[in-house]
Amino acid sequence: MTDISQDPHATPARRIKWGRVLDHAILIVGSLFMLIPLLVVLQTTTTTDIETIKNGPELLIGTQFDDNFMKAMFKASGFSGENTGTSMLINSMILGLGFALGKIVIGMMAAYALVYFRLRFATFAFWLIFTTLLLPLEVRILPSYEIAQKLSLLNTYTGLIVPLIASATATFFFRQYFRSVPEELVEAARIDGAGPVKFFIDILVPLSQTMIAAMFIIMFVFGWNQYLWPTMVTTEEGMYTLVRGIKQLTQDLEGTNIPEYGRANMLALIAILPPVAVVIFFQSWFVKGLTESDK
Amino acid sequence: MKRAGFTTRWLPILLLLPQLLIIAVFFYWPAVHAVQSSFFLQDPFGFGSSFVGLDNYRDLAGSGEYIKIARFTLLFTVLVTFFSLGLALLLAVKADNVIRGARSYRTLLMWVYAVAPPVAGFIGLLMFNQSWGPLTEMARAIGWDFKLGVNFNDTATAMVIVSVWKQVPVNFIFFLSGLQSIPKSVREAALIDNRSAVGRFWDVTFPLLAPTGFFLLIINITYALFDTFGIIDTLVKGEPGNNPMTLVYKVYVDGFRGNDLGGSSAQSVVLMVLVLALTVFQFRLIERRIHYT
């Protein structure tokens with residue numbers, strides 16, 4: 001709503017528009033509400049643990065950032081000494097990228113089969129696949145865990161990633177998109193003698209680039225941020241992801257030793273940065289993917 | 001299916017196979033397993049199980065603790081949904097209004113989308129730290145002795161605040177994109193008809209946003225029921241004790257910690273039915289939307 005409902009007799013020159021000031025005030029308060037918690041984390045990564053324990057977050061920037069960063073990346077806190085920040089960062093990357101890639105490849109293949117082929121059991125396959133949208137992993141978490149155990153997938157990357165892929169969000173998204181692709185395209189391709197594989201790889205995939213990018217961002221963030229499933233399926237500290245490791249951090253802060261706020265907060269920061277960076281840098285793709293996939 | 005589809009037989013089956021295989025093993029098998037084991041009583045020492053019919057469900061219905069948790073979950077869901085939708089709508093309307101700094105505001109208001117729920121909970125622990133947490137100090141300034149993890153209501157308040165903080169961005173993104181898709185002509189017509197901005201909002205903008213709002217309502221309910229697990233788990237530091245918990249958290253505590261597989265499965269089934277009902281409701285809304293748009 002552009003605010004031109006001002007008094008028409010007023011001079012249009014420099015008049016303070018109080019409505020506009022209020023808009024900005026509300027937006028600034030909202031932005032601070034979102035931002036201040038992050039600043040608190042950021043501040044405590046620059047001071048010593050003793051300083052934080054005594055005074056809590058302050059308004060000054062300390063000098064311990066490098067020190068805390070080294071501790072976070074290379075010092076482990078568990079029994080095995082394997083859950084360093086480096087190892088957790090690598091595991092988070094594997095989970096985020098593996099999940100996004102797997103979901104997109106499998107989803108695109110299934111969506112292509114459903115949209116472009118005459119299949120006798122297409123309707124049945126459709127319902128079989130789309131029922132999975134109904135039940136989130138959280139409600140079937142224990143039986144899923146038992147099955148992962150039976151298939152000896154605990155503490156493996158396969159066990160970490162594949163069960164999370166068992167839902168049809170990407171398939172649904174690509175199905176919607178493929179259906180909006182003009183039909184003439186496939187007709188033209190057939191007349192030119194392109195087979196289904198050639199059409200898929202040479203025409204449909206390049207055409208879907210933007211959609212793939214948008215989906216990739218959303219899925220990467222979703223995979224990176226997984227918590228409950230990694231908590232159950234990984235018990236070896238060398239397999240922890242950053243987000244999975246958060247629980248241990250909260251318990252470390254409770255311990256009898258001096259709580260290592262610097263290390264813990266730095267690790268939280270490292271867990272936040274990659275997905276946030278992706279969302280900010282690819283904002284327009286991300287927003288497009290999000291608002292179009294869920295509707 | 002497209003009219004001009006391909007007729008190859010084996011290829012589509014090959015393309016569908018990975019998806020079908022994964023959902024068969026990691027979706028249908030566990031779902032069936034959950035329903036099945038909800039009718040059995042597991043021996044606590046792992047020596048088999050015996051069929052008990054609906055006993056597990058009867059135990060749930062008769063358990064005062066379960067009813068209490070269900071009631072808390074309901075209240076929690078209502079509060080989180082209401083505040084995150086309300087705040088996001090306010091911010092989206094304002095962000096749609098301003099021209100200067102619009103991009104910066106948008107970025108500042110949506111980045112939290114990418115923060116994982118347990119990390120949000122971890123930040124909550126800092127903000128509500130007993131000795132120096134900024135929010136604890138603010139509460140103290142108004143005479144509220146805030147005790148996270150000790151006082152039931154205080155912990156519940158912290159859970160709601162952190163959950164709202166985490167959810168506002170999603171709602172903001174959807175509301176803003178809904179607002180920006182309102183045609184210019186409609187806005188201009190509204191401007192002529194209605195001089196007051198507040199009146200315009202309630203008479204024109206709000207009804208046009210209603211479909212987005214309904215859709216978000218379901219998304220937010222699902223979020224409050226399931227995705228807040230990470231927030232709750234970190235805020236109580238993995239030790240539920242006497243702290244408030246939601247139904248999903250209870251499934252986890254009973255099944256994974258307490259080894260009560262039958263009871264936990266029955267709880268899973270109750271949640272499944274709840275989600276199914278919500279989804280059916282959602283589909284009906286979408287159907288109706290297609291009629292109007």
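Residues numbered from 1 in each chain as written. Chains lettered and ligands numbered in written order. Predicted model: local features only at pLDDT ≥ 70, side-chain atom pairs only at ≥ 80, totals over all residues. Heavy atoms only, no water.

### Thoughts on the overall build of chain B
Counting its secondary structure elements, chain B contains twelve helices and two strands. In sequence order, the secondary structure elements of chain B are arranged as α-β-β-α-α-α-α-α-α-α-α-α-α-α. The principal-axis extents of the C-alpha atoms in chain B amount to approximately 75 × 70 × 30 Å. Buried residues in chain B amount to 53% of all 293 residues. Sequence-distant contacts, at least 24 apart, represent 65% of the contacts inside chain B between residues at least 6 apart. A total of about 13,700 Å² of accessible surface is found on chain B, and carbon and sulfur atoms cover 66% of it. (Helix = DSSP H or I, 4+ residues; strand = E, 2+ residues; numbered from the N terminus. Buried < 20%, exposed > 50% of the residue type's maximum accessible area, 1.4 Å probe, protein only. Contact = heavy atoms within 4.5 Å. Areas by Shrake-Rupley, 256 points an atom, 1.4 Å probe, with all protein chains shown as cover.)

### What to know about the packing of helix α11 (residues 209-224) of chain A against helix α14 (residues 261-281) of chain A
Residue and element names in this part refer to chain A. Interaxial distance between α11 and α14 falls to 9 Å at its minimum, and their mutual angle equals 170 degrees. Classed by the angle they form, the pair α11 and α14 counts as roughly antiparallel. In contact with I217, F220, V221 and W224 of α11, α14 contributes I270, A271, P274, P275, V278 and V279. For the contact of α11 with α14, a count of residues per class yields ten nonpolar, no polar and no charged. (Axes fitted to C-alpha atoms, helices over the stretch in contact; angles between N-to-C directions. Parallel < 35°, antiparallel > 145°, perpendicular 65-115°, else oblique. Nonpolar A, V, L, I, M, F, W, Y, C, P; charged D, E, K, R; others polar.)

### A few points about α14(A)
For an α-helix the count is 3.6 residues per turn, leaving residues at separations of three or four pointing the same way. All names here are of chain A. Helix length check: α14 (21 residues) gives 29 Å between terminal C-alpha atoms against 30 Å at 1.5 Å per residue, within 8%. Where α14 bends most, at L273, the angle is about 30 degrees, and the proline P274 comes one to four residues later. Among the 21 residues of α14, 17 are classified as buried, and the element is accordingly described as predominantly covered. (Expected span 1.5 Å × (residues − 1). Bend = angle between axes of the 7 residues up to and from the residue.)

### What to know about the interface of chain A and chain B
With 114 residues of chain A at the contact, the number on the chain B side is 95 residues. Between chain A and chain B lies a buried interface of about 10,000 Å² when both sides are counted; carbon and sulfur atoms form 74% of it. Our count for the chain A to chain B interface comes out at two salt bridges. Between B:K94 and A:D23 there is a salt bridge; the shortest N-O distance is 3.2 Å. Applying the counting criterion to the chain A and chain B interface returns 20 residue pairs in polar contact (both at pLDDT 80 or more). In terms of residues, the side of chain A that touches chain B owes the most to one element, helix α1 (residues 18-44) of chain A, which gives 16 residues. (Buried area = accessible area lost by both parts, 1.4 Å probe. Salt bridge = Lys/Arg side-chain N within 4 Å of Asp/Glu carboxyl O. Polar contact = N/O pair within 3.5 Å; in protein donor to acceptor, adjacent residues only side chain to side chain.)

### Some words on helix α9 (residues 183-191) of chain A
All names here are of chain A. Within α9 the residues assigned to the buried category are E183, V186 and A189. Along the long axis of α9, the arc covered by the buried residues comes to 130 degrees, so they all point the same way. Exposed residues pointing more than 90 degrees away from the buried face of α9 are listed as E184 and I191. Tucked inside the fold, the buried residues of α9 contact α4 (85-116) and α10 (196-207). Remark: G193 follows α9 within two positions and exhibits a positive phi of approximately 85 degrees. (Arc of directions from axis to C-beta.)

### What about the UniProt feature "domain: ABC transmembrane type-1" (unreviewed entry) in chain B?
UniProt tags residues 70-282 of chain B as "domain: ABC transmembrane type-1" (unreviewed entry). Secondary structure over residues 70-282 of chain B splits into 78% helix and 0% strand, and the C-alpha atoms at its two ends are 22 Å apart. (UniProt positions renumbered as here; feature names shortened; annotations may be inferred.)

### A short note on the environment of A:G159
All names here are of chain A. Residue placement: G159 occurs in helix α7 (residues 157-165). Separated by 74 residues in sequence, G159 and V233 place their C-alpha atoms 7.0 Å apart. In this view, G159 contacts L153, W229 and V233; residues no more than four positions away in its chain are not counted.

### Things to note about the nonpolar core
Ranked by size, the top nonpolar core spans 181 residues in total, and within it A:Y112, A:Y116, A:F174, A:F178, A:F286 and B:V119 carry the most contacts. Counting contributing residues per domain, this core is built from domain 1 (18-65) and domain 2 (85-293) of chain A, each supplying no fewer than three. The contacts of B:V119, once residues within four sequence positions are left out, are A:V243, A:I246, A:A268, A:A271 and A:I272. (Core = buried A, V, L, I, M, F, W, Y, C linked by side-chain atoms within 4.5 Å. Domains from an automatic or database assignment.)

### So, the environment of A:S31
In this structure, A:S31 sits in helix α1. The class of A:S31 is buried, set by a relative accessible area of 5%. Each C-alpha atom, one on A:S31 and one on A:V221, is 21 Å from the other, the two residues being 190 residues apart in sequence. Residue contacts for A:S31: discarding those within four places in its chain leaves B:Y105, B:L108 and B:L109.

### A closer look at the packing of aromatic side chains
Residue and element names in this part refer to chain B. Counted according to the given criterion, the structure contains 36 aromatic pairs over all chains. Both rings, one in W111 and one in W165, keep their centres 6.2 Å apart while their planes meet at 80 degrees; by these two values the pair is edge-to-face. Of this pair, W111 sits in the loop between α4 (102-110) and α5 (117-127) while W165 sits in helix α7 (residues 152-180), placing them 54 residues apart in sequence. As far as the burial class goes, W111 and W165 line up, both buried. (Phe/Tyr/Trp six-rings, centres within 6.5 Å; stacked < 30°, edge-to-face > 60°.)

### Considerations on the UniProt feature "transmembrane region" (unreviewed entry) in chain B
Residues and elements named next belong to chain B. UniProt feature "transmembrane region" (unreviewed entry): in the numbering of this structure it lies at residues 12-31, 69-93, 105-128, 156-179, 200-226 and 266-286. Here residues 69-93 runs as 100% helix and 0% strand, with 36 Å between its end C-alpha atoms. Helix makes up 100% of residues 200-226 and strand 0%. Its end C-alpha atoms lie 36 Å apart.

### Here we look at the packing of α5(B) against α7(B)
Residue and element names in this part refer to chain B. Viewed as axis vectors pointing N to C, α5 and α7 meet at an angle of 130 degrees, and their least axial separation amounts to 10 Å. By the angle between their directions, the pair α5 and α7 is classed as oblique. Where α5 crosses over α7, the two elements pack in a sense that is right-handed. On the side of α5, the interface is formed by P117, A120, G121, I123 and G124, while α7 contributes V162, W165 and K166. Taken together, the residues of the contact of α5 with α7 break down into five nonpolar, two polar and one charged. (Left-handed = near helix turned anticlockwise from the far one by under 90°.)

### Thoughts on the UniProt feature "transmembrane region" (unreviewed entry) in chain A
Mapped onto this structure's residue numbering, the UniProt feature "transmembrane region" (unreviewed entry) falls at residues 21-42, 89-112, 119-137, 157-178, 199-224 and 266-287 of chain A. In this annotation, residues 89-112 of chain A is assigned 100% helix and 0% strand; the end-to-end C-alpha distance for the span is 34 Å.

### A few points about the confidence of the model for chain B
Low pLDDT means the predicted atomic positions in that stretch should not be read closely. Across chain B, the average pLDDT comes to 87, with 94% of residues at or above 70. For chain B, helix α12 (residues 261-292) of chain B is the element with the lowest average pLDDT, namely 77, and α7(B) is the one with the highest, namely 95. (pLDDT = per-residue confidence, 0-100.)

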